[in-house]
Structures are given as C-alpha cells and as structure tokens.
Amino acid sequence: MHAILEHDSTLALPNLTLVTASAGSGKTHTLTLRYLQLLLSTKIPFNNLKNILAMTFTNNAASEMKQRILAYLKYTILHPEKEEVKQLSEVLSLDRETLQTRAAFRLNEILDNYSDFQVQTIDSFITRLLRVSALELGFSPDFQIVFDSKAILDDAFDVLFRDLSFDTRKQQLVERVIQLVSEAQDGKSKYLWDPFQKLTKEVGEVHQRLSAFASLPLIEEQQETFRQLQAEIIEKIISIGRVADTPGVIVSKNYQRIMATAGEGDVERLLGWKLGQKVLNKSSHPQLAKIEAEIARLQDELALIVGNYFEAKARAYYVPFVQTHLQLLNAIEQVKRLRGEVHLGDANKLLAGRLRNEIVPEVYFTLGERIHHFLIDEFQDTAPIQWAVLRPLIEESLAKLGSLFIVGDTKQSIYTFRGADWQIMARMLKRDEFRSVATQRKELTTNWRSTEAIVGFAKKVFHEIIPAQGLGDVAKLSGLVSFEQNVYEKGKGKGYVEVFKFEVPDEEPLETESPEREKLLSVLQDCIRRGYRYCDIAILTPKNNDVVEVSRWLNESNIKFLSHSSLDIRTRTLTGELLALLRWLDSPVDDLSFASFLFGDIFRKTMERGFFEEDFHSFVHSCREEDARAPLYSSFKQSYSDLWEHYFDELFTLVGYLPVYDLVVELYRVFRLFEVFHEEEAALVKFLEVIKKFEETGNNNLKDFLEYAEENDADASWDLEKSSGEDAVTIMTVHKAKGLGFPIVIALLYDSRPKPNTMAITTGDDGVRLIRSTKHWSESSELLGAIYNEDAVKRNVDELNKLYVMLTRAREEMYVLSVQSKYATEPSSFLPENGFSLGSPMKREKKVEEKVHEASLLHQPSQGLKQATSIENIHPEDTTRGEIIHAVLSNIIVVDERLDAIIARSLDALQQQGYQIIDKETIAKHIKEFLAVKEVKEYFTPKQGRTIFTEQEIVGANGQLHRMDRLILDSDRVTVLDFKTGAEKESYIKQVQNYLFMVRQLYPKRKIEGALAYVDVKCVRRIA
C-alpha cells in the first residue's frame, strides 16, 4: 500500500490530510493516486468527475498531472502489471476485473466530458468563480480577466494625472509622493529626470503589495502626534541640559552640540545624533553621582519618546502612497468598466472582500453542492488572499462529508515576492485549520529523484553547517533542519558531489580569466568525456544577470545551450524586425523603426539581395541631408516606387482596419516569411500564438500589443517549447528550476547580501498597515525592531529555501561553484570547505539513440541548390557545376569593379557548404566571359529606376512555388531572365513562358519580356 494513502474502506469522511513532501519525494505521483482513488472507489461518496477538483500553481504542473491521470487509467486497462497500478489497487476495494472496468468507464467519461476534468491552476479556478459571479459583482457577462495589470494601471495613472489639473488636493498629494521618492533616490542628484515615471513605479509596487490583502489599508494621520513628540524631544534635551549645567560639571562637546541644536528646534537634525551617548566628562563635583543618575533617567525617557517618534514616522511615511493607492483604485474602477477588464489580483480581492463581509456569491452555494473533494499541490505557495477565497468552499465541502488533500513543502517556498506565504502551511502543521475535522499530518520520506551523495550533501548543509553558523532557529522555521529523507534502493552508494570555492582576487580579473568560468567549462568537458550529453546538464544561478553571463561563456566556447532568454522569441533578430515594422505601421513618422526594417534580414532576404546594403545607407543618409522634416517612408516611396508598391503599400493601407492577427498574417504573406525563413518557423508560429492570446483578452489594438511586447519581464507566453531531443546545456535561475530534475547540476553561487525591503506590511484585527522599516529607526523602537527583525528573518528563510531548491535538483552528480565576496559571506559560509567531495563520479554508458523522424514543416521551404529541377540522365558533376554557376550568378546584381571579389566570396562560401570545386579560377573566368557578352551585360547594367531581384520566388495559381533566376523591374517593363548551362532545350522555353504568365498577373500595366541566357554557349534567346 502507498505509504501515505489510506485504504478506501477505512477512509473516514470528512477528511483533511496534509502531506509534507521534500524534494524528489513523489508528490505528483501521490496526488495522482489520490485523485484516482477518489474517482474509482465504490466506497467514497460524491466521487463523480464533477465532484473532484485538483489545483496546481502552474499550467505545466496541471498538464503533467492530467497526463499522469490519463496514463495511469490506460495502464490499469492495458498494463495492470505496472507498479503504479499495483499501488492504486492496494488502496481500492476492487478486484482486478472491476478495477479495469471502472478505469475504462472513467477514461471514456473524461474524454467525452473533458470540461468536467477539473485539474487546473488556482488562478484559473478563481477566474471561473469571478466569471460566474459577474452580474452579482456588477460586471458585464462578457468582461475579460487579464493576468497582466500593466495596461490597466497605465490607463488608471493617466486618469489620475489628468485630474491633477483641476484638483489641488490630488496635486498636493502627488507632489508629496514625488518628494518622498526623490529623497529615497540612491543617486547624488536630488532631482528626478522623469518624476512621474518613477512615481508610477513606486505607487505601482505599493498597489501590487496591497493587492495581496482583502482589506483596505489603514491610514493614520500623524501630524498632531509629530508636533507633540517633537516638542517633548526638545523639552527633554533641554531638561538634560539644565541638570548638566552645574558649576564644576564638564559637559561633553558632542552633547553641547546636541543642546545647541535643540535650541534651534531642528528635530530631524537632532535625530541624526546619538542621543543616548555620555553627557558628562570626568568631574569632581560632590553631587556627581546624583546628577548622573538624573541624567540617565531623563535619557531613558528621551529614548522612549524618540522611539515613539520613529514609530509615528514609520506609520506616516507611506500614508501619501496609500492615499495615492486609494485614488488609483477609483481610477482603476473607471478603467475596468471602460475596458471591460478585471485584473486577476483585483478578482481575488473582490471575492475575498465580499466573503469577509459575509456576502457570499451564489456560485459558492452551487459549487459547495457540487465539489466535494479538493486536492491542492504546492500549498506552500498559496497567497493569503487565495486562501481567503478558497477556504469557505473547502469548509462547506468538509461539512458535507468531503475531503481536502494538501501536498506541499515549506522548504521550497521561494515565491514570497509574488505574495506566497509559507506560514499558512506552517500554521496548519501545528494546529487544526477547521473545527469540523482534525488534520492528519503525514510525510513522504523517500527521495525517488536523487542518489545517496546528493541527499547526503543536502543533509550536511542544512542539518550540520547552517545550525553551526547560528542560523539554526531561522532554518527551523521552514523545516530545513529537521526534514527526513531516505534514499531509494537503486540510488544507494551512488552519486557524486564536489564543492569549489573561489576567493575574490585583489585585482579585477579579465573576463576570460575568471576562475569560476574556467572551472565550469572544465566540469562540462569532464562530464562529456565520461559519457554524459549536454542535455543531461543544467547550470543553475540565483539571478538573471548570472544566466546572461554564463550564456556568454558557453557561446564563446561554442557549446550549445538553452536559457529562458534564448527561448523567448523577443530576443530573436527576426522578431525584432517584425516588431520594428509594426512600430512603423503604427507610427509612420518613426524613421528609426522603418530604417531598422530596411537594413534587416527580412527585407534583404525577401529581395534576394536586390540591393547592396550600402545603397540603402546612402539613401537614408541623403534623405536626412535633404529634408530632415520629411518622414523617411515618403522619400522611400518616391525613390523606390516599385518596392513600395510591392511590399509596403497594401500593409500601409490596411493598418488600422485589420485586427493585429490579420495584419501580421498579411505581413507574413507579403514578405513570404515561412518560405524565406523556414528555419525560424517555430518562432513565426509562436509570434502568431502570442497575438491570438493577446486578442483573446479583448485587445486588438496595435499600440497596446507593441507595449505588451516591449515589457521587460519573464512572460513565459513568449517562450518556445524546449525540444526534448535537443542536445544543449540548460541554463536557468533557481525559480525556473523549481520542480525540475537533471542528471547533473552545476550550481553557480555568488556571495551577496539580501536586499532589505523597507516596506513592511503588518496585519491585525483592525486591518492592514504599511510600515517603513529601516535599521536606523528599528534601533530606537522595540516595536519597529520587532518588525525589522521579522522581515530580516523572512528574507533569510527565503534565501535558505532558494539554496535548498538549488541543491536538490540533481539526480546523479552535483558541482557547486561558490564565488566569495569581500562584502558578504553567504551562501559560501553555508557550504563545506573548498575541495569537499562526496561519492565518486562514474562513467556513463552511452545509450543507443533512436532515430528521430522530424515532422514536416507547416510550410515547405524553397528547394535548395542541390535539388535538380528535373530527372534526367546527366552526370552528377554536371549537375553540381550548374548549381555552382547559378549560385554565383545569384550574388551578382550589377557588373562593376566588385565583380572579382563577389565571385571569389561566392565560391568560397559554396566550398564551406560542402561543394567540391576543383578549379575555382576556371569557373570564375567562365562566368566573367559570359557576363562580358553584350546581350548578357544589358541585364547586369544599373539604370535609373531599375530594381533587380535574384532567385525571386513566385506562387502559381495552383499554389506551387516557382523560383526565377532574375527579375528586372524597369519603369516601362518587367523582364524575366533564366540562366541555363549545357545545351538548349524546348522545355526551358515553356518554363520561362510559364513565369511570364504569372508575372503578368502581378504587373498587368507593364510590358513583360522573357529571356534564356545560356552560360556555356554564351548567348541569349528572347522569349515572347
């Protein structure tokens, strides 16, 4: 029987089971078995498909769990001997035949009613709740829920700032916030270049933090308190001065300054002094002891007043931000109604607020009757507001003989910056959350992922070293010093761990000489020599900047890698050019975007080198010299009318009339992107998918899409799927690596100090408060000290949890590269000494790889040079010679002084592509003699208004793709020229005539001519 799950015949309902699952302990497997136990049992009531809801935290996790459920059902039907089926049968009161029958029935039910198969993210479920309750909450039924609040916030700030011109109260409020933001700047300048940009960022952060709480923040005016406390501070310092002002008593110079400052009434300057320092110097006054005692009493009172002052200041600091936040909420409401959109965070807050006020939406009663069994994955990442929304539903189900099955690991909580609160789970581990049912607490204790060396290393770090460093109490909070993990049988006695530490050099090393870089590359090479592949290896770092740096190292060493940045299609040149073109279409006066597109690969390759790059450089430069006020596109339209008409005119006309998706599809067609850039097909398809999802949110505005595309965040919707068969090193941050495992992990760690967060949020029965928490203020107040220390503890827990996640991703081998710092000692102080090793590396036997059959592309690419145009009995060397000559001629636009260099470069490039060219000089001479023929040279001569395309592709009426060797556009005619080697053939004439027919459809108002140029016989045959 499974170690955690009870037999369905003994499962008492209601049931609440809370499972702690350390890294690699099989939580997804356990959740899957629990789901299937509920679904297949004949003993558990209310277990239809609609009665069970499983919630995860990512779409990938939901997809994986669905796949496992379906797979286990198929195994039960077809492969009952599998271990997963054996474990499932051990927790069900069903014989084998009945189990298979029920599994088949449930599988068909899922496939027939897939929408009832409720395995989804928490966000998706809450979205569903809000959508069903739209009318109750005052929204239109067709409103959209958005996951990115930036567009709504930007519009709300616009509304807020517009009000400033006629609302002096709001104006003063914003000016106060700008002043606070300016004072908090790290730079030396006290002025901001763009105060509103900084203001929106700071207020936006306050808004985001407060959105995690259901109640509105409290605002406590402190002006009167400030005045009273300032007066008391001055009065107390003066009182100390009076006591000290005794004949024969010498007052210290520092305190003389303090008393002088008190006389000036400058309290803020006073608070910069150490008010508790020694007041008197040595003296022989007979009443000295009495005087010192009185001064000490007054100083204690002063310290208490100063502490109260800082507490009031800490409460008051964020009041202008909170007031602006409340004004912003009003603006957000206006924007939401206007746009018909609600941000998911607002949805959570709206539902939680209703429930707090005991206004229960109707959907809760409906779902309370329907959903009886809840399963929650990664519970440590639940936010308080999410739990506030879910808790009433779960409580209702438990009251009606339902169940709740929770799996999580407080040690792996690393998303507190997104509002996750591991303390919810920590509290449930100590006390019962619901009065109606006792919590059964269980633990998965076997690590099924990692070998013994990996498991032993994690225990050494967290059970031995960290407690010895004095952080045992902190690590204990999330369970890091007490977790139990056993090694699975096949992993015992296996695995390898090695630690390398690098000291900071006295002088800054050259980039290529950094010791961690050299060691990382050395480890990679050693692993490859021992039989591992690059795809077996992951490099993990704490920060995105480190990912970029490691990517550069591997790129310089010609080692293939995959990182988040390399999967994001926005980092690709092709996507950048598409966005540049769209920016220009949205704003035709954007000369930079238009010029960027002209000089890019799309335009150059689509024209098949119809122009040299310097031609466009000259054109752009001359445009700026002639008239800097005229938009670049208008000059281009006049100078290159054919190109404008062929590529830009239709797009320019359609923009504003077509939705973004349709516009981009038209753009793909005009520039033949799937044909010209067939190797980038995945990125092109992904670009369209992103636009489709963007439009599904109710947006089809080009400007909004461009703003969305330019946001610098880690939006996974822009990422390509990683190919499972690609042999490349994975590079990612620890946050991306959570939940994953790799045969080999290289952890690159740099010592640093956690960045303090001065914005603390406290919650109580009376509401939520924003408190400014600084080390200096905390030293003067016990209350502020407790808040500051609590935040510091949370930061330390986060850092230790990140280290735990990083050190538990490896299956077989782990290498830790720790770079020490002059200014910080963590995490290097948590690791064993340099050169520490555990276990031994092993040589891996290379597996025989199955041949991977690639799926065909959505759009077939143009045929390469090596494909013959017809099947004839010709010698292979003749075919190759003809391909070489065609390839060289395709690179020659006009015959001028660069001809020799172009031919030489073309032949060199063909050799690099694998062509066997024995005598380059002979071929070069042959081509030049051909081009010297008068009839041929005519087609290679530049003329006013002439545009030349080489290897130009054209689609026939039947959809078939054809390629013309040379298309020449003159002001009065269009000429199609095809090159042939060998003897003349009748089929060649028919081929050109077919080209002429298709070209006439494109240029009905021009004269169309055709010609065959025979390279070997050096003649031209004109075709009508």
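Above this note sits the structure.
In this report, the structure presented in the accompanying data block is examined.

Parameters at a glance
- Positions within a chain are numbered from 1, following the residues in the order the chain's sequence is written.
- Local features are withheld for residues below a pLDDT of 70 in this predicted model, meaning they are given only at 70 or higher, and side-chain atom pairs are given and counted only at 80 or more; totals for whole chains, interfaces and linings count all residues.
- Side-chain metrics rest on all non-hydrogen atoms present in the structure, leaving aside hydrogens and water.
- Secondary structure follows DSSP: runs of H or I at least 4 residues long count as helices, runs of E at least 2 residues long count as strands, and numbering of each begins at the N terminus.
- Using a 1.4 Å probe on the protein chains alone, a residue whose accessible area is under 20% of its type maximum counts as buried, one over 50% counts as exposed, and one in between counts as partly exposed.
- Think of it this way: a Phe, Tyr or Trp ring, Trp meaning its six-membered ring, pairs with another when their centres are within 6.5 Å, and the plane angle makes it stacked under 30 degrees, edge-to-face over 60, tilted otherwise.
- When DSSP finds two or more bridges between a pair of strands, those strands are recorded as paired.
- Lines are fitted to the C-alpha atoms to define the axes, a helix being fitted only along its stretch in contact, and any angle between axes, read from their N-to-C directions, falls within 0 to 180 degrees.
- Here a residue-residue contact requires only that any non-hydrogen atoms of the pair lie within 4.5 Å.
- Only buried residues count toward a nonpolar core. Its members are Ala, Val, Leu, Ile, Met, Phe, Trp, Tyr and Cys residues joined through side-chain atoms within 4.5 Å.

**With respect to the environment of Asn-544**
Reasoning step 1: The topology assignment puts Asn-544 in helix H20 (residues 544-556).
Reasoning step 2: Looking at Asn-544, the relative accessible area reads 55%, which means it is exposed.
Reasoning step 3: Between the C-alpha atom of Asn-544 and that of Met-732, which follows or precedes it by 188 residues, the distance is 7.8 Å.

**Considering the packing of aromatic side chains**
Reasoning step 1: Considering all chains together, one arrives at 39 aromatic pairs under this definition.
Reasoning step 2: Pairing Trp-584 with Phe-594 gives two aromatic rings, centres 4.7 Å apart and planes at 35°, and the pair type is tilted. Here Trp-584, found in helix H22 (residues 573-586), pairs with Phe-594, found in helix H23 (residues 591-598); they are ten residues apart in sequence, far enough to count as distant.
Reasoning step 3: A relative accessible area of 1% places Trp-584 in the buried class.
Reasoning step 4: For the pair Trp-584 and Tyr-633, a centre-to-centre distance of 5.9 Å together with 65° between the ring planes defines the contact as edge-to-face. Residue Trp-584 is found in helix H22, and its partner Tyr-633 is found in helix H26 (residues 632-639); the two are separated by 49 residues along the sequence.

**Some points on the sheet that holds strand E2 (residues 52-56)**
Reasoning step 1: The six strands are arranged E3-E2-E6-E7-E1-E8 in an open sheet whose pairing can be described as parallel. One side of each edge strand has no neighbouring strand; the edge strands of this open sheet are strand E3 (119-121) and strand E8 (439-444). For this sheet, the mean inter-axis angle between neighbouring strands, taken without regard to orientation, is 20°.
Reasoning step 2: Pairing analysis gives six bridges linking strand E1 (residues 15-21) to E8, with the strands arranged parallel. Following the sheet pairing, Thr-20 is matched in E8 by Glu-443.
Reasoning step 3: Across the face of the sheet, helix H1 (residues 27-40) comes into contact with E1, E2, E3, strand E6 (373-376), strand E7 (403-408) and E8 while running at roughly 170° to E7.
Reasoning step 4: Where helix H17 (residues 423-430) meets the sheet, its contacts fall on E1, E7 and E8, and the angle it forms with E1 comes to roughly 115°.

**Re unusual backbone geometry**
Reasoning step 1: With an omega of 0°, the peptide bond running from Leu-13 to Pro-14 counts as cis.
Reasoning step 2: For Pro-14, the position within the fold is in the segment before E1.
Reasoning step 3: For the peptide bond that leads from Glu-826 to Pro-827, omega is 15°, which places it in the cis range.
Reasoning step 4: Topologically, Pro-827 is positioned in the loop between strand E18 (810-819) and strand E19 (837-839).
Reasoning step 5: The phi dihedral of Phe-46 is positive, around 50°, even though this residue is not glycine.

**Notes on the nonpolar core**
Reasoning step 1: In terms of nonpolar packing, the biggest core is built from 68 residues, with Leu-582, Phe-636, Phe-648, Tyr-668, Phe-671, Phe-687 and Phe-705 touching the most fellow members.
Reasoning step 2: When residues no more than four places from it in sequence are discounted, the contact partners of Phe-671 are Leu-581, Phe-597, Ile-602, Phe-603, Thr-606, Tyr-647, Phe-648, Leu-651 and Val-676.
Reasoning step 3: Membership of the second largest hydrophobic core comes to 41 residues, among which are Ala-453, Val-734, Ala-747 and Val-797.

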